[in-house]
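Read off the chains here:
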Amino acid sequence: MDSKTDNPSCLLYGPLDARFENRPVPTLDNPHDVIVKIAYTGVCGSDVHFWLRGGIRTFVSPSQPLTMGHEASGTIHAVGSAVTSLSPGDKVAIEPGYPCRRCERCKIGRYNLCPEMKFAADPPKLHGTLSRYFRLPADFCYRVPAGIGLDEAVLMEPLAVGVHAVRQADVRIGQKVVVFGAGTVGLFTAAVAREFGAGIVVSVDVLERKVAFAREFVGEGVSRTTIPDLGRSAEENAARLVEECGLGEGADIAIDASGAELSINTAIFALRKGGTYVQAGMGKRKIEFPISEMCEKEITAKGCFRYGAGDFDLGIHLVGQGKLKLAGLVSNVFPFEAATEAWEAAKRGEGIKTLIRGPD
């Protein structure tokens, strides 16, 4: 293939049905757009859901296959005539969704809730980043801080999710925060909570290797970790968590980055009266939930969807200032042609973050 005229892409036709095809190279129809040559695409839980089930809320089909991938980094390949902030060759992290900019949600600064959002690998609106070239508005590309490789730049997307979760929770100095799930988003959520001044940050996961990594990643003095007993109830696990981690009357804030029903229930029981709960992880669409506990404690509950205004900027600032270290987070890197193997590795829970190289 000619790298200038071909756009090899990995398309999903249905559950467990991925095919590698050559799609048209994007064109710069909008003068404010850029074309990025993709270096790496990260694998997240939603990719695994798509691989196994063909979608989450919306689904692919043989008549409407979809290029996968949304966590990505690369180099600027071409810029539109109105773009002045970026030049060909610039290394960038990608914010993979862009809104209409005109609706009420956009105008009040909550563009992540835009009903016309075009998000990478979201059927049927937009193909994803598992291709050689990807087009998007220039202001949704972020220059990579000095010293950060393009492999680590992929992590800016899950970091932005963690920033958004912490901002939704309104973490304050000295507060006690519990984060359920020690995957990439959970790790970043815990570390960002630390940077917002949390006095205690508890990371919870069912895997010992993940809580061990979290303990070091979040840092001594602030970090606590615990592994729930799957044979006990959510209420029993919450009581043990509060006692072992020295949370007194309970956590001020609980953030779920796992989507697991046991974690969600445990989080509500682990909160003090008047605490705040934020749901950042995606799981089953319907679960059992301790609604009476939430009412009796007057818990404030918030959703958390992707990222919004300033989240990428703040995450990149924290990395650029050395506040957040990215070393050790990328565990596996698969060649483009082995994308399905990368999804399977992520399904098995191997490592922390799995990447797929862009086409040569």
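Predicted model, so just to flag it, every value in this text is computed and none were measured.

Draft legend 1. The arrangement of helix H7 (residues 234–244) in detail. Looking at H7, one finds that the buried residues are Ala 234, Asn 237, Ala 238, Leu 241 and Val 242. All buried residues of H7 fall inside an arc of 130 degrees around its axis, so they share one side. Facing away from the buried side of H7 by more than 90 degrees, the exposed set consists of Glu 243 and Glu 244. Backbone geometry just after H7 places Gly 246 at a positive phi near 65 degrees.

Draft legend 2. The arrangement of the environment of Tyr 133 in detail. Mapped onto the elements, Tyr 133 comes out in strand S9 (residues 133–137). For Tyr 133, a relative accessible area of 4% gives the class buried. Each C-alpha atom, one on Tyr 133 and one on Gly 358, is 9.0 Å from the other, the two residues being 225 residues apart in sequence.

Draft legend 3. Representation of the sheet that holds strand S15 (residues 271–279) within the structure. Taken together, the six strands give an open sheet; going across it, the order is S13-S12-S11-S14-S15-S16, and neighbouring strands pair in parallel fashion. The sheet terminates laterally at strand S13 (223–226) and strand S16 (300–303), the two strands that pair on one side only. When the angles between neighbouring strand axes are averaged without regard to direction, this sheet yields 20 degrees. Of the strand pairs in this sheet, strand S12 (residues 200–204) and S13 are connected by four bridges, and their pairing is parallel. Within S13, the residue paired with Val 204 across the bridge is Thr 226. Against the sheet, H7 makes contact with strand S11 (176–180), S12 and S13, and its axis sits at roughly 150 degrees relative to S13, the strand it touches most.

Cut-offs applied
- Residues numbered from 1 in each chain as written.
- Predicted model: local features only at pLDDT ≥ 70, side-chain atom pairs only at ≥ 80, totals over all residues.
- Heavy atoms only, no water.
- Buried < 20%, exposed > 50% of the residue type's maximum accessible area, 1.4 Å probe, protein only.
- Helix = DSSP H or I, 4+ residues; strand = E, 2+ residues; numbered from the N terminus.
- Arc of directions from axis to C-beta.
- Pairing = 2+ DSSP bridges.
- Axes fitted to C-alpha atoms, helices over the stretch in contact; angles between N-to-C directions.
- Contact = heavy atoms within 4.5 Å.

Purely geometric stuff here, so don't read any function into it on its own.
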